[in-house]
Amino acid sequence: MAQRDRLSEALRFVRRGDTLVACKPDRLARSTTDLLRIVDDLDRRGVGLIMLSMGGQRIDTRAPTGKLMVTLLGAVAEFERGLLLERQREGVAKAKKGGKYRGRQPTARAKTAEVIKFDAEGLQRAEIARRTGIGVASVYRVLADAKKLDAGRTIPV
């Protein structure tokens, strides 16, 4: 699962008496288990949690009803996400069967020659990314791959 640095930072930052506000349960956690763990951790630390997802109604986890509602909303959100992924897999399988799905076209690897040329000219990584229309991380990845290939071709003397 992806690291969620900002969430981790917010959870470390809150103190007893604070209230953390989230738009929806699925923005706070990726699963019902994760949501319940966060709610329990905040509760033990004396931090309130308010969800704003009920059409203007607030759900406050400091009350038993609020905890129940957040748990139910989290379970429904996880269920919806599972259904969405299932439909997506079915759609991809159908498209593959019909010969219409080939996956995402690689963009960075297709621009390897340009990246290497700009690097040889001494351009900064961010400028290479801007000129080629790819991300800075992709520039680093392309150059690292090119370096590995060169290392494999080098004949020690």
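Small disclaimer: the values here were computed from a predicted structure and weren't measured.

### Comments concerning the overall build of the chain
Consideration 1: Scanning the chain from N- to C-terminus turns up seven helices and three strands.
Consideration 2: Ordering the α and β elements of the chain from the N terminus gives α-β-α-α-β-β-α-α-α-α.
Consideration 3: Against the globule reference of 15 Å for 157 residues, the chain gives a C-alpha radius of gyration of 24 Å, more extended than a compact globule.
Consideration 4: For the chain, the spread of C-alpha atoms along the three principal axes comes to 70 × 45 × 30 Å.
Consideration 5: Residue burial in the chain is summarised as follows: out of 157 residues, 25% are buried.
Consideration 6: Sequence-distant contacts, at least 24 apart, represent 51% of the contacts inside the chain between residues at least 6 apart.
Consideration 7: Of the roughly 11600 Å² of accessible surface on the chain, a fraction of 55% belongs to carbon and sulfur atoms.
Consideration 8: Counting 33 positive and 19 negative side-chain charges, the chain places the averaged centre of each group 4 Å from the other.

### Quick word on the pattern of salt bridges
Consideration 1: Summed over the entire model, instances satisfying the criterion amount to twelve salt bridges.
Consideration 2: Residue arginine 37 pairs with aspartate 34 through a salt bridge whose shortest N-O separation is 2.7 Å. Of the two residues, arginine 37 and aspartate 34 both sit in helix α3 (residues 32-44), three residues apart, roughly one turn of that helix.
Consideration 3: Judged by its relative accessible area of 16%, aspartate 34 falls in the buried class.
Consideration 4: A salt bridge links arginine 44 to aspartate 41, with the shortest nitrogen-to-oxygen separation between them at 4.0 Å.

### Some points on the nonpolar core
For soluble globular proteins, the rule of thumb is that nonpolar side chains tend to be buried together.
Consideration 1: Judged by nonpolar contacts, the single largest core of 16 residues is most densely connected at Leu20, Leu28, Leu35, Ile38, Leu42, Leu49 and Met51.
Consideration 2: Sequence-distant contacts of methionine 51, that is, excluding residues within four places in its chain, are made with Ala22, Cys23, Lys24, Pro25, Leu28, Leu35, Gln57, Arg58, Ile59 and Val70.
Consideration 3: Counting ten residues, the second largest nonpolar core, distinct from the first, contains Val115, Phe118, Ile128 and Ala129.

### Topic: the side chain of threonine 32
Consideration 1: Considering the arrangement of structural elements, one finds threonine 32 in helix α3.
Consideration 2: Since its relative accessible area comes to 14%, threonine 32 is described here as buried.
Consideration 3: Here alanine 75 takes part through its backbone nitrogen, which lies 3.4 Å from a polar atom of the side chain of threonine 32.
Consideration 4: Setting aside anything within four residues of it in sequence, one finds threonine 32 in contact with Thr71, Gly74, Ala75 and Glu78.

Conventions adopted
- Residues numbered from 1 in each chain as written.
- Predicted model: local features only at pLDDT ≥ 70, side-chain atom pairs only at ≥ 80, totals over all residues.
- Heavy atoms only, no water.
- Helix = DSSP H or I, 4+ residues; strand = E, 2+ residues; numbered from the N terminus.
- Rg over C-alpha atoms; globule rule 2.2 N^0.38 Å.
- Buried < 20%, exposed > 50% of the residue type's maximum accessible area, 1.4 Å probe, protein only.
- Contact = heavy atoms within 4.5 Å.
- Areas by Shrake-Rupley, 256 points an atom, 1.4 Å probe, with all protein chains shown as cover.
- Lys, Arg positive; Asp, Glu negative; His and termini not counted.
- Charge placed at Lys NZ, Arg CZ, Asp CG, Glu CD.
- Salt bridge = Lys/Arg side-chain N within 4 Å of Asp/Glu carboxyl O.
- Core = buried A, V, L, I, M, F, W, Y, C linked by side-chain atoms within 4.5 Å.
- Polar contact = N/O pair within 3.5 Å; in protein donor to acceptor, adjacent residues only side chain to side chain.

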